[in-house]
Amino acid sequence: MNPIRSALRPSIASYQASIHPPTLASTSVLGRRPLTTPTNPSRAKVQEGDPHVREDPGEALEGELIAERMPSGEEMFGFKMNEVVAKTGTDMKVPGRPIYLDMQATTPMDPRVLDKMLPFWTEQYGNPHSRTHAYGWEAENAVDEARQHLADLVGANPKDMVFTSGATESNNMIIKGIAKFHQSKRKHIITTQTEHKCVLDSCRYLSTIGFDITYLPVQPNGLISLEQLRNALRPDTSLVSIMTVNNEIGVIQPMKEISETLKTWAQETKNQKPYFHTDAAQAIGKIPIDVEEMGIDAMSISGHKIYGPKGIGAAYVRRRPRVRLEPLIHGGGQERGLRSGTVPAPLVVGLGEAARLAKREMSLDHARIKSLSDRLVQGINSQVEHVIRNGDPNGYPGCVNLSFAYVEGESLLMALKDIALSSGSACTSASLEPSYVLRALGAADDMAHSSLRFGIGRFTTEAEVDLVVQRIVAVVSRLREMSPLWEMVQEGIDINKIEWSQS
Ligand SMILES: Cc1ncc(COP(=O)(O)O)c(C=O)c1O
């Protein structure tokens, strides 16, 4: 274990013991020390003049306040506590580690989520499918409550939520499951060129066993054309799968308009409406989603993109009107028979709590993230020229994808090792491949290579954004100074008009 984390642990526990005397509910019958780390909203301190902090302390972000409750200045392994715990209160921020701006890859777990999960690993460890004793009943109740929170986040009926291991499994389950169930009459599927690999690969697999797949192109801003979608629909189309928020460029596809296009087409052509599935891994908890209003039949959800645990997700599968699909996993018949296997109660509880917090704090998170995102973009644009923003600028603000012209992509990444972010180049064993998403927008290979994705989240601070801006400005300027292309641009030569010799 990280020595700093283990150093923090006893200190957190003893401090919490002083502010939360053990209660019957939090102590086992054997009198063991409670293993939870309960946060305490009543200790919330609203910083004067901070527009992002709620005035009602009961509603304040408990997670932000852990720093307040840490014994300030106490030294452990050479680190001062108040240095170790960043302003946001997440103990994941440790000096010497890169600044984390890769929130589309994964998010840190919210400490409040961990609090909620801990008893289900240690004391309330029953199998939620055990019907004969209290251990099973309490786990089942907790799973039901979590299912309700998740359903509330997207306006769904909790009975329509099926727990899975994450969005990859949900996408596989829904796409392959619907395709196979309906294959005797309908063998055509529509998706887009910019989906996540797990959607594209599920479709690719189906194409090897006789299905016909249409990959819709996107416009230069990353949005699909509704007209192209309509033209692609066929009487044998069983499924249309279009992601809500793109994980590389943050573009938000128009869910409601897509479902209306499908409905209108079905009415006008007297064909059966294809099911509408969306991979909402990067959308739920970030932007408002309502499955009823948006006409979504099936949806994929991931826990670790919304400050919840890794290894848990869900598939929303509508029951009325019923979406019929063939299960991928057979066994004990759990989760409506669609996903057999013991439901992992602690992970589900974490996902439910993450969903509850996301619903409660969505507008606050969004406002903070938008303001940090604007600060980042303005900070860079005001000091660096020839920067292109990839994707529709009205997309999700926590995902900012920028290309830096006249900079070599690999050198850019190497020089920014103190910031954890993703680039538009995927390292394959042999070469740096430009991102297929940026290629689909029509970006030139060199611009895709020199692109960076900045992922801002709930725990990102202004100070981090300012540091990142400083580093980007310094690194891009230094790399350009070394670039012969940049020298030519400075001399006023239009390098697009140069005919390079092939020798
Ligand atoms: C849009 C999208 N879909 C699916 C996934 C896969 O999610 P999980 O890690 O839960 O399998 C991701 C994660 O990278 C994603 O961004």
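- Going by the annotation in an unreviewed UniProt entry, the name recorded for the protein chain is cysteine desulfurase, with Kockovaella imperatae given as the source organism.
- Entered under Sequence similarities (unreviewed entry) in the UniProt record, the comment concerning the protein chain runs "Belongs to the class-V pyridoxal-phosphate-dependent aminotransferase family. NifS/IscS subfamily."
- UniProt lists a comment for the protein chain under the heading Catalytic activity (unreviewed entry), and it reads "(sulfur carrier)-H + L-cysteine = (sulfur carrier)-SH + L-alanine".

### Focus on the site of the ligand
Point 1. In the neighbourhood of the ligand, 14 residues make up the surrounding shell, with T168, D279, Q282, S302 and K305 lying closest.
Point 2. Note that an oxygen atom of the ligand is positioned 2.6 Å from one of the side-chain N or O atoms of T168.
Point 3. A distance of 2.7 Å separates an oxygen atom of the ligand from a polar side-chain atom of S302.
Point 4. About the coverage of the ligand: the protein hides 85% of its 390 Å² of free accessible area.

### Quick notes on the pattern of salt bridges
Point 1. Scanning the model with the defined rule gives 23 salt bridges in all.
Point 2. Two residues, E335 and R147, come together in a salt bridge whose shortest N-O distance is 2.9 Å. Highlighted residues: E335 in the loop between β10 (313-317) and α10 (345-381) and R147 in helix α5 (residues 134-153), separated in sequence by 188 residues. R147 matches E335 in its accessibility class, with the two residues each being buried.
Point 3. With a closest N to O distance of 2.9 Å, R356 and E353 form a salt bridge. One end of the pair, R356, and the other, E353, are both in helix α10, three residues apart, so they sit about a helical turn from each other.
Point 4. A cluster of three or more residues bridged by salt bridges with shared partners is formed by D110, R112, R360, E361, D365 and R458.

### Let's talk about the side chain of R112
Point 1. With respect to the element layout, R112 can be found in helix α4 (residues 111-122).
Point 2. A polar contact is formed between the side chain of R112 and the side chain of D110, at a distance of 2.7 Å.

### A word on the packing of aromatic side chains
Each aromatic ring pair is characterised by the separation of its centres together with the angle its planes make.
Point 1. This structure, assessed with the given rule, holds three aromatic pairs.
Point 2. With centroids separated by 5.7 Å and ring planes inclined at 45°, the aromatic side chains of Y406 and W486 adopt a geometry described as tilted. Note that Y406 is positioned in the loop between β12 (399-404) and α11 (409-415) and W486 in helix α15 (residues 484-490), a separation of 80 residues in sequence.
Point 3. The ring centre of F211 lies 5.1 Å from the NZ or CZ of K187, which sits over that ring.
Point 4. Directly above the ring of W486 sits R480, whose terminal nitrogen or CZ lies 4.6 Å from the centroid.

### A closer look at the nonpolar core
Point 1. Membership of the largest hydrophobic core comes to 94 residues, with the highest contact counts inside it found for I284, M299, I380, F404 and F454.
Point 2. If you tally residues by element for this core, the top one is α10, at 14 residues.
Point 3. Not counting residues within four places of it along the chain, the set of residues in contact with I380 comprises V387, L402, F404, F454, V469 and I472.
Point 4. I174, L206, F211 and V323 belong to the second largest nonpolar core, which has 20 residues in total.

### Topic: the environment of K187
Point 1. Note on placement: K187 falls in the loop between α6 (167-181) and β5 (188-192).
Point 2. Taking the relative accessible area as the measure of exposure, K187 reaches 29% and is therefore partly exposed.
Point 3. Put simply, K187 and D236 are 49 residues apart on the chain and 5.9 Å apart in space, counted from C-alpha to C-alpha.
Point 4. Residues contacting K187, with those up to four places away along its chain left out, are I209, G210, F211, D212 and D236.

### Some points on the sheet that holds strand β7 (residues 237-241)
Point 1. Reading across the sheet, the seven strands line up as β4-β10-β9-β8-β7-β5-β6 and stay open at both edges, with mixed pairing between neighbours. Only two strands of the sheet have a single partner each, and these edge strands are β4 (161-164) and β6 (212-216). Here the average twist between neighbouring strands, direction ignored, is 20°.
Point 2. Sheet topology note: the strand β8 (residues 275-279)/strand β9 (residues 298-302) ladder contains three bridges and is parallel. The residue bridging D279 from the neighbouring strand is S300, located in β9.

### Quick look at helix α9 (residues 255-269)
Point 1. Over its 15 residues, α9 runs 21 Å from end to end, which matches the ideal 21 Å to within 8%, given 1.5 Å per residue.
Point 2. Within α9, the full set of buried residues consists of M255, I258, S259, T261, L262, W265 and A266. Looking down the long axis of α9, one finds its buried residues gathered within 150° of arc, a one-sided arrangement. Within α9, the exposed residues directed more than 90 degrees away from the buried face are Q267 and E268.
Point 3. Against α8 (226-232), β7 and β8 lie the buried residues of α9.
Point 4. K270 sits one or two residues past α9 and shows a positive phi near 60°.

### Here's the deal with the sheet that holds strand β14 (residues 422-423)
Within a sheet, each strand pairs with its neighbour through backbone hydrogen bonds, oriented either parallel or antiparallel.
Point 1. If you walk across this open sheet you meet the four strands as β11-β12-β17-β14, and the pairing is antiparallel. Edge strands, defined here as strands with exactly one partner in the open sheet, are β11 (387-389) and β14.
Point 2. Strand direction decides the pairing type here: β14 and strand β17 (residues 451-455), joined by two bridges, are antiparallel. For S423, the partnering residue across the bridge sits in β17 and is L452.
Point 3. Docked against the sheet, α10 engages β11, β12 and β17, running at close to 10° with respect to β12.

Thresholds, definitions, all that
Residues numbered from 1 in each chain as written. Predicted model: local features only at pLDDT ≥ 70, side-chain atom pairs only at ≥ 80, totals over all residues. Heavy atoms only, no water. UniProt positions renumbered as here; feature names shortened; annotations may be inferred. Near = heavy atom within 4 Å. Polar contact = N/O pair within 3.5 Å; in protein donor to acceptor, adjacent residues only side chain to side chain. Areas by Shrake-Rupley, 256 points an atom, 1.4 Å probe, with all protein chains shown as cover. Salt bridge = Lys/Arg side-chain N within 4 Å of Asp/Glu carboxyl O. Helix = DSSP H or I, 4+ residues; strand = E, 2+ residues; numbered from the N terminus. Buried < 20%, exposed > 50% of the residue type's maximum accessible area, 1.4 Å probe, protein only. Phe/Tyr/Trp six-rings, centres within 6.5 Å; stacked < 30°, edge-to-face > 60°. Lys NZ or Arg CZ within 6 Å of the ring centre and 35° of its normal. Core = buried A, V, L, I, M, F, W, Y, C linked by side-chain atoms within 4.5 Å. Contact = heavy atoms within 4.5 Å. Pairing = 2+ DSSP bridges. Axes fitted to C-alpha atoms, helices over the stretch in contact; angles between N-to-C directions. Expected span 1.5 Å × (residues − 1). Arc of directions from axis to C-beta.

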